[in-house]
Protein chains: 2
Amino acid sequence: MTTETTEARVLEAIRERRDLVNAAVDEELPVQPPERLYEASRYILEAGGKRLRPTVTTLAAEAVAGIDPMTADFREFTGLDGEPVDVLRAAVSIEVIQSFTLIHDDIMDEDDLRRGVPAVHEQYDTSTAILAGDTLYSKAFEILSETGADPADGLEAIRLLASTCTEICEGQSLDVSFESRSDIDPEEYLEMVELKTAVLYGAAAAMSAVLLGADDEVVDALYQYGIDSGRAFQIQDDVLDLTVPSDELGKQRGSDLVEGKETLITLHARQAGVDVNNLVDADTPAEVTEAEVDDAVAALEEAGSITYARETAEELTARSKEHLQVLPEGGSRSLLEDLADYLITRGY
Amino acid sequence: MTTETTEARVLEAIRERRDLVNAAVDEELPVQPPERLYEASRYILEAGGKRLRPTVTTLAAEAVAGIDPMTADFREFTGLDGEPVDVLRAAVSIEVIQSFTLIHDDIMDEDDLRRGVPAVHEQYDTSTAILAGDTLYSKAFEILSETGADPADGLEAIRLLASTCTEICEGQSLDVSFESRSDIDPEEYLEMVELKTAVLYGAAAAMSAVLLGADDEVVDALYQYGIDSGRAFQIQDDVLDLTVPSDELGKQRGSDLVEGKETLITLHARQAGVDVNNLVDADTPAEVTEAEVDDAVAALEEAGSITYARETAEELTARSKEHLQVLPEGGSRSLLEDLADYLITRGY
């Protein structure tokens, strides 16, 4: 668990990197003709977001290089062969892919709100949203292809991003198929989460190591760090959906439950005999009352399901930090460890 | 203009390469879990298609190397540095991108038929179609990243594919925006066609040269060949929509006109004073009669609009062939020239 001081340190690291990443997004993804397309592409990026994945990417670069946090220029970060690599582009490409998946997922899941603003398909229209996502998709590859890394490493980074995107699609496909099934076991669910969410954390963590020319052992360790902390992140997201007030969450608390979305919590509850499908009567997040959500949460707590989710997330986080042992000791590795803790202690 | 003999030669070249490309698609894009996603991703690829772009890619490789058609293994094609390059993967990646754009475009344009079968969003559903397109998108980059080319050339090929995809999105965005405008001039229209259609021909033609390590002059010449013949190809497509019987076309003849889609033909006709918006009364391709289409075509012929389109396509084709002068003379270059002719003389 993080103490108040380490959490403050992590939040500070996220904030200062977020500002760098946002400035880099402006540079790498300018609004140009056709303006409407690029405005729609940037809409969700501009609506907020903590830039957690780019934080992982930049912090991983520092940890691989064995230097202290924020002591180097990410645009000209010294690779292990002494040549400069634009690590910030790698970080931006990951965030751009994340935005593309949010835009397309919101169409598929018919989610109308994102980061407290209308989803792109609501703010614009479905065609524009499909196309905005498609534009971000190729832009991410354009941006990542220009880091200045050794070409063999640059190509390996492209492979990592491409295979990650394929896996995200597979994960989203499983997630959609789960909606029409009532026989999902926790293992299948965790596989879906790994594909849909964790692999992008894996890529975010491993990307810098690939570009800087680190050994496979280091690349693999960072990838596994990302996978385990990404899975923990998603489980925490599911917990937050039930426990954080709607106004802080940017959407109705309990939405997942109302929409019948399966989570590790509901799967545990089912196995514990809870009648999950009838925990709330409302059919849409707009109809549900806070009292209904309170009762549902009480039932899930009673069954030990929320505790189970929290404990699973804690185990994954502990495992994620163990992978980092191959990296040089120091402030950056230590901050990566703290970040993993933060992902499951964060309140929003 | 092609003679019967050269057309037969081109058709033979297309056929033999199509079989190789189809076999390679099976190898590079196998159906794997989640099966439904991969089946949907392959659905349009399996529904047919002439594989014109992969034909351009493989033929360009032979022309760059200065060898006769079909005398080398595309899987181990000798680069200019003597090292083997998998040119077939490059060809497959181009076709896979083409399929992704068809799937997403059909959703946006609400086109329900493609290659004589239901569009993916009709055969499956919109979510699956979005995701199938997204999967093909990343698969194309995965496939292209594994050609075995020199890494610097491999990375340059990735850049070419990524920037091409961005331009295709820009072109589709312009195309969609044209639907709500009545003041498009032919220049704007041709720019849209260049982005939406021609750049993928440009990439298809230049890709092999990039991977084989050819000089920039050769890469640029092949790119321009693809751009000009790709623009001609699209204009011919617009002519065919009006002149080929519906059963050969795989969709209702005159669909573009019924749906109010602007083409070089309608833009010319407008400038010649034709009341294009009232050429047909029907609002959907299902409602229009052959007689109505006949009358509309007669009016467009009367205005010289179809002749104008044909002549423009011929000029572009002549220009496209001039670019090839930098390549070594021989059977492959000559076949590339014939292919450009075929693109505007083909009947379907």
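Because the structure is predicted, anything quoted here is derived from the model rather than measured. (Residues numbered from 1 in each chain as written. Chains lettered and ligands numbered in written order. Predicted model: local features only at pLDDT ≥ 70, side-chain atom pairs only at ≥ 80, totals over all residues. Heavy atoms only, no water.)

## Topic: the overall build of chain A
Heads up, the condition is: Helix numbering and strand numbering both begin at the N terminus, where a helix is a DSSP run of H or I of at least 4 residues and a strand a DSSP run of E of at least 2. Here the radius of gyration uses the C-alpha set of atoms, whereas the globule reference equals 2.2 Å times the residue count to the power 0.38. The rule is simple: take the accessible area with a 1.4 Å probe, protein chains only, and divide by the maximum for that residue type; under 20% is buried, over 50% is exposed, in between is partly exposed. In short, Shrake-Rupley with a 1.4 Å probe defines the accessible areas, and a residue's cover is counted only from the protein chains shown. Just so you know, the count uses Lys and Arg for positive and Asp and Glu for negative, and it drops His and the chain ends. To locate a charge, take atom NZ for lysine, CZ for arginine, CG for aspartate or CD for glutamate.
On a plain count of helices and strands, chain A comes out with 15 helices and 4 strands. Taken against the 2.2 N^0.38 rule, which gives 20 Å for 348 residues, the C-alpha radius of gyration of chain A at 20 Å falls within 12% of a compact globule. With the C-alpha coordinates aligned to their principal axes, the bounding extent of chain A is approximately 60 × 45 × 35 Å. Counting the 348 residues in chain A, one finds 58% classified as buried. Element-wise, carbon and sulfur atoms account for 43% of the exposed surface of chain A, whose accessible area totals about 13,300 Å². For chain A, the centre of its 27 positive side-chain charges and the centre of its 74 negative side-chain charges are spaced 3 Å apart.

## Things to note about the relation of the copies chain A and chain B
The cut-off we apply is this: Each copy is superposed on the other by least squares, with the fit set by C-alpha atoms of residues at a pLDDT of at least 70 in both.
The transform that puts chain A on chain B rotates by 180° and translates by 0.0 Å along the axis, for an RMSD of 0.0 Å. Expressed as an axis order, the relation between the two copies is that of a two-fold axis.

## Overview of the packing of helix 3 (residues 52-65) of chain A against helix 15 (residues 331-345) of chain A
When two helices pack together, you describe them by how their axes are tilted relative to each other and by the distance separating the axes. Residue and element names in this part refer to chain A. Rules: Fitted lines through C-alpha atoms serve as axes, helices being fitted only where they are in contact, and the angles separating the N-to-C directions of these axes extend from 0 to 180 degrees. The labels follow the angle: roughly parallel below 35 degrees, roughly antiparallel above 145, roughly perpendicular from 65 to 115, and oblique for the rest. Handedness of a crossing follows from how the near helix is turned relative to the far one, being left-handed for an anticlockwise turn of less than a right angle and right-handed for a clockwise one. Throughout, a contact is declared for two residues whenever any of their heavy atoms are within 4.5 Å. By the convention adopted, Pro, Cys, Tyr, Trp, Phe, Met, Ile, Leu, Val and Ala count as nonpolar, Lys, Arg, Asp and Glu as charged, and the other residues, Gly among them, as polar.
Helix 15 packs onto helix 3 with a crossing angle of 155° between their chain directions and a minimal axis gap of 8 Å. Put simply, helix 3 runs roughly antiparallel to helix 15. By crossing handedness, the relation of helix 3 to helix 15 is classed as left-handed. Residues L52, T55, V56, L59, A60, E62 and A63 of helix 3 lie in contact with helix 15, whose contacting residues are S332, R333, L335, L336, L339, Y342 and L343. Class assignment of the residues belonging to the contact of helix 3 with helix 15 gives a composition of 10 nonpolar, 2 polar and 2 charged.

## Regarding the interface of chain A and chain B
Rules: Buried area counts how much accessible surface, traced with a 1.4 Å probe, disappears from two parts once they are put together, with both parts' losses summed. What counts as a salt bridge is simple: a side-chain nitrogen of Lys or Arg found within 4 Å of a carboxyl oxygen of Asp or Glu.
Counting residues at the interface gives 36 residues for chain A and 36 residues for chain B. Between chain A and chain B the total buried area reaches about 3,100 Å² when both faces are included, carbon and sulfur atoms providing 71% of it. Together, M108, L131 and L155 of chain A form the three largest contributors to the area buried by chain A at its contact with chain B, with a combined 16%. There are 2 salt bridges connecting chain A and chain B.

## Looking at the packing of helix 4 (residues 87-109) of chain B against helix 6 (residues 126-144) of chain B
Residues and elements named next belong to chain B. The N-to-C vectors of helix 4 and helix 6 enclose an angle of 160°; their axes lie 8 Å apart at closest approach. Compared by their axis directions, helix 4 and helix 6 come out roughly antiparallel. The interaxial crossing formed by helix 4 with helix 6 has left-handed handedness. Contact residues: R89, A90, V92, S93, V96, I97, S99, F100, I103, H104 and I107 in helix 4; T126, A129, I130, A132, G133, D134, L136, Y137, A140, I143 and L144 in helix 6. Residue composition of the contact of helix 4 with helix 6, grouped by class: 15 nonpolar, 5 polar and 2 charged.

## A word on the environment of V297 of chain B
Residue and element names in this part refer to chain B. Within the secondary structure layout, V297 lies in helix 13 (residues 290-302). Residue V297 is classed as buried on the basis of its relative accessible area of 9%. Linking V297 and D216, residues 81 residues apart in sequence, is a C-alpha distance of 44 Å. Filtering out sequence-adjacent residues up to four positions away, V297 remains in contact with L242, R253 and I306.

## Some points on the environment of D106 of chain A
Residue and element names in this part refer to chain A. Stated precisely, the cut-off is as follows: By the criterion applied in these results, polar contacts are pairs of N or O atoms within 3.5 Å in which, for protein atoms, one can donate a hydrogen and the other can accept it, and in which residues neighboring in sequence qualify only through two side-chain atoms.
Mapped onto the elements of the fold, D106 is located in helix 4 (residues 87-108). Here the alpha-carbon distance between D106 and I158, two residues 52 residues apart in the chain, equals 26 Å. With near-sequence residues (within four places) excluded, D106 lies in contact with D111, R114, A119 and H121. There is a polar contact of 2.7 Å between the side chain of D106 and the side chain of R114.

## Describing the pattern of salt bridges
Residue and element names in this part refer to chain A. Tallied over the entire structure, the rule returns 59 salt bridges over all chains. A salt bridge links E27 to R75; the shortest N-O distance between them is 2.8 Å. One end of the pair, E27, is in helix 1 (residues 4-28); the other, R75, is in the loop between helix 3 and strand 1 (77-78), and 48 residues separate them in sequence. Ionic pairing is found between D183 and R181, a salt bridge with its closest N-O pair at 2.8 Å. Overall, the relative accessible area of 53% leaves D183 in the exposed class.

## Comments concerning the packing of aromatic side chains
What counts here: Planes of paired rings set the category: under 30 degrees apart is stacked, over 60 is edge-to-face and the rest tilted, where pairs are Phe, Tyr or Trp rings (Trp by its six-membered ring) whose centres lie within 6.5 Å.
Evaluated as defined, the whole model comprises 12 aromatic pairs over all chains. Where F74 of chain A meets F77 of chain A, the ring centres are 6.1 Å apart and the plane angle is 5°; that geometry is what we call stacked. We classify F77 of chain A as buried; its relative accessible area is 1%. Taken together through their ring pairs, the aromatic side chains of F100, Y137 and F141 of chain A together with F100, Y137 and F141 of chain B make up a single cluster.

## Re the nonpolar core
In plain terms, the rule: Only buried residues count toward a nonpolar core. Its members are Ala, Val, Leu, Ile, Met, Phe, Trp, Tyr and Cys residues joined through side-chain atoms within 4.5 Å.
Counting 169 residues, the largest nonpolar core has L222 of chain A together with L222 of chain B as its most contacted members. Non-local contacts of L222 of chain A, meaning those with residues more than four positions away in its chain, are made with A60, V64, G202, A205, A206, A209, L324, L327 and L336 of chain A.

## Quick look at the environment of V218 of chain A
Residue and element names in this part refer to chain A. Mapped onto the secondary structure, V218 falls in helix 9 (residues 216-243). Assessed through its relative accessible area of 13%, V218 is described here as buried. Considering only alpha carbons, one finds V218 and G133, 85 residues apart in sequence, at a separation of 32 Å. Those residues within four positions of V218 in sequence are excluded, and the remaining contacts are V64, A209, V326 and L327.

## What to know about the side chain of T263 of chain A
All names here are of chain A. Inspection of the secondary structure puts T263 in the loop between helix 11 (255-258) and helix 12 (264-271). For T263, a relative accessible area of 4% corresponds to the buried category. Excluding residues within four positions of it along the chain, T263 makes contact with Y189, D238 and D256.

## Quick look at the confidence of the model for chain A
The predicted structure's coordinates, where accompanied by low pLDDT, should not be read in detail. Heads up, the rule is: Scored between 0 and 100, pLDDT is the confidence that the predictor attaches to each residue.
Looking at chain A, pLDDT values average 94 and 99% of them are 70 or higher. Reported for the predicted complex are a pTM of 0.94 and an ipTM of 0.94.

## Notes on the side chain of S305 of chain B
Residues and elements named next belong to chain B. Here S305 lies in helix 14 (residues 305-323). Looking at S305, the relative accessible area reads 0%, which means it is buried. Within the structure, the side chain of S305 is placed 3.3 Å from the backbone nitrogen of A269, a separation counted as a polar contact. If we ignore the near neighbours within four places in the chain, the residues touching S305 are I265, H268, A269 and L300.

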